[in-house]
Amino acid sequence: MILFKFTLILLLALLWPRLLLSQLPATIQQCFSFQNYKTYDRYFNISQNILITNILNGKEERQWTTLDLLDGFFAMNSKLLKKIVLLKNEFVYLSRSEYDKINTTENNTGEIIVYQNEGNVTEEDASGIFEQAKKHIDADVVRIFMGENPEVLMNYFSTTDISSVTRSARCFTILIFPTTAVNLLAINTLLTYLWTNFSILNVIAHFPCSVEYQDFIFTYKPFNHQNNKRQSCGQVVLYHCLYILEYPNLLLNHVKNLNGCPLMISLFERYPTAVARPPKFLQGSTIYKKIPSTSSFYGADGTAMSSLSEFLNFTLILSQDPNAQFYGKILENGTSKGSLKVILERTVDLQGNSRFMMPYGADGLEFTYMFHFDKVCVMVPKAEKLSKWMGTISMVTGKFAAFSLLVLLGCGVINKFFRAHPASLAQALQEIYASFLGQSVTYTIHPDNRLSRRAFLGSFYVYSIVLSTVFSGALLSEYTANKYLPDINTLEEFDKSGIGMRSSINPFKGIPIPLYERLAKKVVQKMKVVDDNLTSAEIAAANHLAGIERYLDGDLLIRTQFSDKNFNPLLHIVPECPNSFFLSYIVPLGSPYLKVINEFLVWVNEVGLKAKWFRDFAEGFIYDSRINKLHDETGTDGGRYKAFDFDDMKGILIIFLIGLTVALMIFFIEVCGSKLILVRRLKVSRGHWLKTLLLSK
């Protein structure tokens, strides 16, 4: 309601000088009736609002030549369209001497193609094409620019803020001129300029006051080939209004088929999503055979760009700009570098390396639909590996050992009472211990055994078999798999570990959590001279430090590059990750391809192609890495399996030595104790002999 009142007041302020109309020539007064409004009717109905920008030349006497056109449009709108209209005036200062400069634009032939109805599209088909093309424009507003002539608008667009135009570049745009003289070269220059500099997809121009062209509409077709030359795209086409009424699709450009026209894409090599050489596993795959002639890069991003070029039928041209070879960022002084720079400067149409959907401090770009999801995680050195003998000792926990000992003691006591012949508790325990280890003694099986003892021993044998089988399996696992000390699995544990961190990004910075504030102070920027060409994973592996890495990349790097000859990991990803992001691509603000690229990405996700691309290349890189390691190891020592050596037996020998030591100690105690008893007995017997001898005398 406020917008409507503001618009009404603004219109009253602008339209009051009606007396100026009486001073205009009669030829101009005759065209002030907004002719051929039915030509625009269907396009006006696409949107809910209409924004009119009236361009006035401040150095010309006739500043109000568009006033009656506006009056006619508002009259037509109030009766037929009934749209919300916002009007604003813009002033430019252009002298007649500057017109010639605009009309001599380089590389502009001035060629305008007159549309001829070939009858190959029916009216029903035209309506269907119109509805499909409508999906790729922004339907919130139709923009109308009114100026005295194309030169005035050309000056306006060349001096205005580019973002004010690109924000509505996907809207339907109409240029209306009240001039009676039509300069074909000027209109050709203007329409070409709007496409090459602002990427305005659907723009038309109309001269309602021209006797020769008042029934014709000029528009720009960016995907038409000039003179049937495939490498040269873009034409200004002239349509008669009757053709447009019959075929409403003529004024909308279809980005679903670009007719092989070139698109400039920024795509740089980045492992594993964009690599120049494919894994050997995929070199003969027919699925990826078109990559060399399209994106030239394998991986999920490279394949996505190659598939997009087929989906939209365009010729993919890779940008060779040095700034387009890395991600880049916005500097503190507001300037940009890297692929962000080429997007903001609109020198490329799409940046093909997926990146985090996050604020970059710039307004001149847009994100596509999400392509994937990833997390930013801390990567730390893998915990130390346990030796075989330590693993053997640690295989049995204290609780399990205590429980087994209690079971053996209890079964020994039961065995003593179930025996047919009396025996000591030590003998009964030895029988149970020998049976538990599968080493039977001769007196365990006795013909005089009672039925109760036989039932007890049968159940104990089953218990012993199950337990010994489990122990054998654990022992086998111990010698065939590696065991490590506990890894760092939380950020709290990482903070207490004291391990340093070096990375080009700091995901903990600016988060008001005590733990994150402490971790933010640990992050040290990579040294430019030493670390600039190293990834965080490489720095972490080489210097026993922590790094920051995307989870998907880090997991693949560990399995391919940062593992030993037996494929055991050298690095570990902390499961508790500080941040997670959606991944997408970026395009310049107002890109005409944004909506159709979003359609492509939705389709890729729905049919499972994205998951297949990630899986195929990950498995291919892992396969190559393992094959190379096996070949290297086979060439050095003849095989990856080593013989059983003393180090593997160290744990069992330690247990044996402990038992032997205890046995020797008991043996010496027994020997020493028996000698003392013998001496005492000799002393007692000697004293008894002397006493007997004396008494006999």
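Preceding block: the structure.
Attention here is on the structure that accompanies the text. (Residues numbered from 1 in each chain as written. Predicted model: local features only at pLDDT ≥ 70, side-chain atom pairs only at ≥ 80, totals over all residues. Heavy atoms only, no water.)

### A few points about helix α20 (residues 536-543)
Inference 1: Every buried residue of α20 is accounted for by Ser536, Ala537, Ile539 and Ala540. All buried residues of α20 project into a common sector of 165 degrees when viewed along the axis, lining one side.
Inference 2: Immediately downstream of α20, the backbone of His544 shows phi near 55 degrees, a positive value. (Buried < 20%, exposed > 50% of the residue type's maximum accessible area, 1.4 Å probe, protein only. Helix = DSSP H or I, 4+ residues; strand = E, 2+ residues; numbered from the N terminus. Arc of directions from axis to C-beta.)

### Regarding the environment of Ile162
Inference 1: Tracing the backbone shows Ile162 in helix α8 (residues 162-166).
Inference 2: Under the relative-accessibility criterion, Ile162 is labelled partly exposed at 39%.
Inference 3: Residues Ile162 and Asn197 lie 35 residues apart in sequence; the distance between their C-alpha atoms is 8.6 Å.
Inference 4: Those residues in contact with Ile162, other than ones at most four positions away along the chain, are Asn197, Phe198 and Arg346. (Contact = heavy atoms within 4.5 Å.)

### Digging into helix α4 (residues 67-81)
Inference 1: Given a rise of 1.5 Å per residue, 15 residues ought to cover 21 Å, and the 19 Å separating the end C-alpha atoms of α4 matches this to within 8%.
Inference 2: Those residues of α4 that fall on the buried side of the exposure criterion are Leu67, Asp68, Leu69, Leu70, Gly72, Phe73, Phe74, Met76, Asn77 and Leu81.
Inference 3: Just downstream of α4, Lys82 is the residue with a positive phi angle, here 55 degrees. (Expected span 1.5 Å × (residues − 1).)

### Some points on the pairing of strand β10 (residues 315-318)
Inference 1: Side chains of β10 alternate between two faces, with Leu316 and Leu318 buried and Thr315 and Ile317 left unburied.
Inference 2: Note that strand β9 (residues 262-266) and β10 share 4 bridges and pair parallel. Its bridge partner lying in β10, Leu263 is registered against Leu316. (Pairing = 2+ DSSP bridges.)

### Details of the packing of helix α14 (residues 398-418) against helix α15 (residues 425-436)
Inference 1: Where α14 contacts α15, the axes come no closer than 8 Å and their chain directions differ by 120 degrees. By the angle between their axes, α14 is oblique relative to α15. As for the relative orientation of α14 and α15, their crossing is right-handed in sense. Together, Leu408, Leu409, Cys411, Gly412, Val413, Asn415 and Lys416 of α14 and Leu425, Ala428, Leu429, Glu431, Ile432, Tyr433 and Phe436 of α15 make up the contact between the two elements.
Inference 2: By residue class, the composition of the contact of α14 with α15 is 10 nonpolar, 2 polar and 2 charged. (Axes fitted to C-alpha atoms, helices over the stretch in contact; angles between N-to-C directions. Parallel < 35°, antiparallel > 145°, perpendicular 65-115°, else oblique. Left-handed = near helix turned anticlockwise from the far one by under 90°. Nonpolar A, V, L, I, M, F, W, Y, C, P; charged D, E, K, R; others polar.)

### Describing the environment of Leu201
Inference 1: With respect to the secondary-structure elements, Leu201 resides in the loop between α9 (184-198) and β6 (203-206).
Inference 2: The residues touching Leu201, leaving out its near neighbours within four places in the chain, are Ala169, Trp195, Tyr220, Phe223, Asn253, Val255 and Pro592.

### Points about the pattern of salt bridges
Inference 1: Tallying each qualifying case throughout the model produces 16 salt bridges.
Inference 2: Between Asp487 and Lys382 there is a salt bridge, with its nearest N and O atoms 2.7 Å apart. In this pair, Asp487 is assigned in the loop between α16 (451-480) and α17 (491-497) and Lys382 in the loop between β13 (372-381) and α13 (388-394), connecting sequence segments 105 residues apart.
Inference 3: A relative accessible area of 17% places Asp487 in the buried class. (Salt bridge = Lys/Arg side-chain N within 4 Å of Asp/Glu carboxyl O.)

### Thoughts on the packing of aromatic side chains
Inference 1: Inspection of the entire model under this criterion finds 24 aromatic pairs.
Inference 2: Plain terms: the ring middles of Tyr213 and Phe218 are 5.6 Å apart, the flat faces sit at 45 degrees to each other, and that makes the pair tilted.
Inference 3: Tyr213 gets classed as buried once you look at its relative accessible area, which sits at 14%.
Inference 4: One aromatic cluster is present, built from ring pairs that chain together Phe145, Tyr156, Phe157, Tyr193 and Phe198.
Inference 5: The ring of Tyr551 is capped by Lys375, whose NZ or CZ atom sits 5.0 Å from the centre of that ring.
Inference 6: One residue, Lys522, lies across the ring of Phe494, its end atom 5.1 Å from the ring centre. (Phe/Tyr/Trp six-rings, centres within 6.5 Å; stacked < 30°, edge-to-face > 60°. Lys NZ or Arg CZ within 6 Å of the ring centre and 35° of its normal.)

Everything listed here is a matter of coordinates, which is why it stays silent on function.
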